Amino acid sequence: MDKRQLKFLEFVPLILYFTFARAAGADSAGRQWEIAFVVGGVLSLATLSVLMRHKAYILNRVMLGANLFLITGAVAVLLRFLPLLDLYRTYNPAPMFFWVIAVGVVTSLFSPHGFIGSADPYRKRNYVRSALLMAAATLALGISLFFMEKIVYADILPFIGLFIVNDRLQSRVSDRSGPRNP
């Protein structure tokens, strides 16, 4: 698989989760919502196992957070762990942004690529870009909580905004780490 195919593969579990979950309608306590978590979680595990076989591929940190959200949701459904399911139902989609922030904290502290997932050899730039992405993820969480129950404002727009910020920060890495004139 080439890099573009791997990038697309990262999004497949989330796309299918949204498809199933939105089909469940306003009643997010229904069986279809739980099926969405199981399908999304299983696909997330499969996707991550495929992506991790490609050693040179750096996982998209935002999508890693989304995949962890789906995996934990699937585990909660399968184990009937109602406190977590109730939390996910009540605040959906804010817990997904929480997972993105958690991934951001861990990768910023323990990964040489930072939250941004950059191959930039200058760690200071990784820290700065990771901090900017963390601020965007925190803002997305706040927007999601503020506009709960309004799918477009709580769910779709914060994700689009977060992906745009991530993409812009990534493209700045590509611009600077490309070939240099002697």
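What you see is a predicted model, and the numbers here were worked out from it, not measured in a lab.

### Here we look at the nonpolar core
Alright, step 1. Counting 31 residues, the largest nonpolar core has Tyr17, Trp33, Phe37, Phe69, Met96, Leu133 and Leu162 as its most contacted members.
Alright, step 2. Mapped by element, the contributors of at least two residues to this core are helix H1 (3–23), helix H2 (31–52), helix H3 (61–79), helix H4 (82–91), helix H5 (94–110), helix H6 (123–146) and helix H7 (151–177).
Alright, step 3. Residue contributions to this core peak at seven residues, all from H3.
Alright, step 4. Discounting residues that sit within four places of it in the chain, Leu162 has contacts with Val62, Phe97, Val100, Leu133, Ala136 and Ala137.
Alright, step 5. One finds Leu9, Leu48, Tyr57 and Leu59 within the second-largest nonpolar core, a separate group that totals nine residues.

### Describing the side chain of Glu34
Alright, step 1. With respect to the element layout, Glu34 can be found in helix H2.
Alright, step 2. A polar atom in the side chain of Glu34 sits 3.2 Å from the side chain of Arg80.
Alright, step 3. Ignoring anything within four residues of it in the chain, the contact list for Glu34 reads Val77, Arg80, Leu85 and Arg89.

### A short note on the packing of aromatic side chains
Alright, step 1. Under the definition given, this model contains 14 aromatic pairs.
Alright, step 2. Ring geometry for Tyr17 versus Phe37: centroids 5.0 Å apart, planes at 45°, classification tilted. Here the residue Tyr17 occupies a position in helix H1, and Phe37 occupies one in helix H2, the gap between them amounting to 20 residues. In this structure, Tyr17 and Phe37 share a single accessibility class: buried.
Alright, step 3. A centroid spacing of 4.8 Å and a plane angle of 85° characterise the contact between Trp33 and Phe37, whose relative ring orientation is edge-to-face. Of this pair, Trp33 and Phe37 both sit in helix H2, separated by four residues, roughly a single helical turn. Pair check on accessibility: Trp33 and Phe37 agree, each one buried.
Alright, step 4. Through successive ring pairs, a cluster of aromatic residues spans Phe11, Tyr17, Phe18, Trp33, Phe37, Phe69, Tyr88, Phe97, Phe159 and Phe163.

### Some points on the side chain of Thr47
Alright, step 1. By the secondary structure assignment, Thr47 is in helix H2.
Alright, step 2. Sequence-distant contacts of Thr47, defined by excluding residues within four places in its chain, comprise Leu9, Glu10 and Pro13.

### Quick notes on H1
Alright, step 1. End to end, H1 covers 31 Å across 21 residues, agreeing with the expected 30 Å (1.5 Å per residue, within 8%).
Alright, step 2. Of all the bends in H1, the greatest, near 30°, is centred on Phe11, and the proline Pro13 appears no more than four residues after it.
Alright, step 3. Packed against the buried residues of H1 are H2, H3 and H5.
Alright, step 4. Its side-chain oxygen 3.3 Å from the backbone nitrogen of Arg4, Asp2 forms the N-cap of H1.

### Describing the packing of H2 against H4
Alright, step 1. Following both chains from N to C, one finds H2 and H4 inclined at 105°, their axes separated by 13 Å at the closest point. Compared by their axis directions, H2 and H4 come out roughly perpendicular. Where H2 abuts H4, its residues Trp33, Glu34 and Phe37 lie against Leu85, Tyr88 and Arg89.
Alright, step 2. Of the residues belonging to the contact of H2 with H4, the class tally is four nonpolar, no polar and two charged.

### Topic: the confidence of the model for the protein
Alright, step 1. Here the protein averages 87 in pLDDT, and 90% of its residues register 70 or above.
Alright, step 2. The low-confidence segment residues 177–182 (pLDDT under 50) makes two contacts with residues lying over four places distant or belonging to another chain.

The rules we used
Residues numbered from 1 in each chain as written. Predicted model: local features only at pLDDT ≥ 70, side-chain atom pairs only at ≥ 80, totals over all residues. Heavy atoms only, no water. Core = buried A, V, L, I, M, F, W, Y, C linked by side-chain atoms within 4.5 Å. Buried < 20%, exposed > 50% of the residue type's maximum accessible area, 1.4 Å probe, protein only. Helix = DSSP H or I, 4+ residues; strand = E, 2+ residues; numbered from the N terminus. Contact = heavy atoms within 4.5 Å. Polar contact = N/O pair within 3.5 Å; in protein donor to acceptor, adjacent residues only side chain to side chain. Phe/Tyr/Trp six-rings, centres within 6.5 Å; stacked < 30°, edge-to-face > 60°. Expected span 1.5 Å × (residues − 1). Bend = angle between axes of the 7 residues up to and from the residue. Axes fitted to C-alpha atoms, helices over the stretch in contact; angles between N-to-C directions. Parallel < 35°, antiparallel > 145°, perpendicular 65-115°, else oblique. Nonpolar A, V, L, I, M, F, W, Y, C, P; charged D, E, K, R; others polar. pLDDT = per-residue confidence, 0-100.

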